[in-house]
Amino acid sequence: MCVICCQVLSARKVQLLLGYFVCCIRRVGEDDTSVIPVASASVLNIAREHNSEKYILELQPAIKGLESRSIEADLVLWTVGSKPLLPQLEPSRNPQELPLNARGQAETDETLRVKGHPRIFALGDSSALRDSDGRLLPATAQSFSCPPSQVAFQQADFAGWNLWAAINDRPLLPFRFQNLGEMMTLGRNDAALSPSFVEGLTLEGPIGHTARKIAYLIRLPTDEHRLKVGVSWLTKSAIDSVAVLQSTLTKVLQGS
């Protein structure tokens, strides 16, 4: 989770449990009431009356200094990342013996070439690239610092050029990451954006929503993409506005 996510959600009184991984999810049944704290017994009874289920999530610490804990949940949304398939992509005969890290990512040099294989390039989820300080750049969603999609997006330009340069015996360009800031959507007409060029500035709410859309359009690769996305947004906004107007008129007519 990026820094802006933590700051904005914490400011909105959202409890964040960072540094844990879920080792078990159990459905609370008739015989599981003993695992529910006494203070939550009434909540469990209400949930049963409404035919809703409750779950127990067993959390194990992934960072030293944290203790195992259990939490209750009425709804669990499970999102998982992607795992590189490089080990499966290796041919069964004469494997390339790619230098893979513990996550299955190929270790690359600064030109995005796989170490020991100058004719093989890797980027995004499949690559493990380190910056000048030796820190692993987050090309996947497992980042706590800079946005991972930015790394992969910027790697694409360098990889395309270096592929051409390698074919034509031209010098390869070393990858240099430029942090453009962070942004995320928080719902309808609600978002947060923190630009990299203004330290400490975070735009939230409707203003952040508008700023995020403008930034998104600017970063699209072609004018055709910008036009299609812009028209799609305007159409959706018009439909939502008509729906709100209809709902308001219906309430007014019913009240009269």
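Residues numbered from 1 in each chain as written. Predicted model: local features only at pLDDT ≥ 70, side-chain atom pairs only at ≥ 80, totals over all residues. Heavy atoms only, no water.

Undergrad: Lay out the overall build of the protein in plain terms, naming residues and giving numbers.
TA: Looking only at helices and strands, the protein features six helices and eight strands. From first element to last, N terminus to C terminus, the protein shows the α and β order α-β-α-β-β-α-β-β-α-β-β-β-α-α. Taken across its 256 residues, the protein has 27% of its residues classed as buried. Considering only intrachain contacts with a sequence separation of at least 6, the fraction spanning at least 24 residues in the protein is 42%. (Helix = DSSP H or I, 4+ residues; strand = E, 2+ residues; numbered from the N terminus. Buried < 20%, exposed > 50% of the residue type's maximum accessible area, 1.4 Å probe, protein only. Contact = heavy atoms within 4.5 Å.)

Undergrad: Which residues make up the pairing of strand β7 (residues 190-195), and what values go with them?
TA: Counted residue by residue, β7 has six buried out of six residues, so it is predominantly covered. In this structure, strand β6 (residues 181-187) lies alongside β7, joined through six bridges in antiparallel fashion. Opposite Met184, over in β7, you have Ala192 as the bridge partner. Between the antiparallel neighbours β6 and β7 lie two residues, among them Asn189 with a positive phi of about 55 degrees. Relative to strand β8 (residues 203-204), β7 runs antiparallel, the two sharing two bridges. By the bridge assignment, Ala192 is partnered in β8 with Glu204. (Pairing = 2+ DSSP bridges.)

Undergrad: For unusual backbone geometry, give the residues involved together with the corresponding values.
TA: The phi dihedral of Leu112 falls on the positive side, at around 75 degrees, and the residue is not glycine. As for its position among the elements, Leu112 is in the loop between β4 (106-107) and β5 (127-128). Even without being glycine, Asp169 reaches a positive phi, approximately 55 degrees. Assignment of secondary structure puts Asp169 in the loop between α4 (148-167) and β6.

Undergrad: Run through the environment of Phe177, naming residues and quoting values.
TA: Looking at the secondary structure, you find Phe177 in the loop between α4 and β6. On a C-alpha basis, the gap between Phe177 and Gln155 in space is 8.1 Å, while along the polypeptide they are 22 residues apart.

Undergrad: A description of the nonpolar core should follow, citing residues and the corresponding values.
TA: The biggest cluster of nonpolar side chains holds eight residues, and these are Leu112, Phe121, Leu129, Leu137, Val151, Ala159, Ala166 and Phe175. One finds Ile4, Val8, Leu9 and Met184 within the second-largest nonpolar core, a separate group that totals six residues. (Core = buried A, V, L, I, M, F, W, Y, C linked by side-chain atoms within 4.5 Å.)

Undergrad: How would you sum up the confidence of the model for the protein? Please name residues and give values.
TA: Any segment with low pLDDT has predicted coordinates that should not be analysed in fine detail. Looking at the protein, the pLDDT average stands at 79 and 78% of residues meet or exceed 70. Summarising per-element confidence for the protein, the mean pLDDT is lowest in helix α2 (residues 41-49) (48) and highest in helix α6 (residues 223-255) (90). Ignoring residues within four places in sequence, the model shows residues 33-44, a span with pLDDT below 50, making 14 contacts including any to other chains. Predicted confidence is poor over residues 140-145, with pLDDT under 50, and the contacts of this stretch with residues over four places away or in other chains come to 16 contacts. (pLDDT = per-residue confidence, 0-100.)

Undergrad: Lay out the sheet that holds β6 with the relevant residues and their values.
TA: A sheet is described by the order of its strands in space; here three strands give the open sequence β6-β7-β8, paired in antiparallel fashion. On the outer flanks of this sheet lie β6 and β8, each paired with one strand and no other. Helix-sheet contacts for helix α5 (residues 205-219) involve β6, β7 and β8, and the interaxial angle to β7 is about 65 degrees. (Axes fitted to C-alpha atoms, helices over the stretch in contact; angles between N-to-C directions.)

Undergrad: So what's going on with the sheet that holds strand β1 (residues 20-27)? Which residues, and what values?
TA: Read across the sheet, three strands follow the order β1-β2-β3 without closing on themselves; strand pairing throughout is antiparallel. One side of each edge strand has no neighbouring strand; the edge strands of this open sheet are β1 and β3 (69-73). Averaged over neighbouring strand pairs, the angle between their axes works out to 25 degrees when direction is ignored. Relative to β3, strand β2 (residues 55-61) is paired through five bridges, and the arrangement is antiparallel. Looking across to β3, one finds that Tyr55 is bridged to Ala73.

Undergrad: Can you lay out α5 for me, pointing to particular residues and giving the numbers?
TA: In this model, α5 (15 residues) spans 21 Å end to end at C-alpha, consistent with the 21 Å of a helix rising 1.5 Å per residue. Among the residues making up α5, those that are buried are Gly205, Gly208, His209, Ala211 and Arg212. Of the surrounding secondary structure, the elements contacted by the buried residues of α5 are β6, β7 and β8. (Expected span 1.5 Å × (residues − 1).)

Undergrad: With reference to specific residues and values, describe the packing of aromatic side chains.
TA: The tally for this structure, following the rule as stated, stands at three aromatic pairs. When the ring of Trp161 is compared with that of Trp164, the centres are 5.0 Å apart and the planes differ by 40 degrees; the resulting orientation is tilted. Of the two residues, Trp161 and Trp164 are both situated in helix α4; the distance of three residues between them amounts to about one turn of the helix. For Trp161, a relative accessible area of 37% translates into the label partly exposed. Take Trp164: its relative accessible area is 38%, and that puts it in the partly exposed class. (Phe/Tyr/Trp six-rings, centres within 6.5 Å; stacked < 30°, edge-to-face > 60°.)

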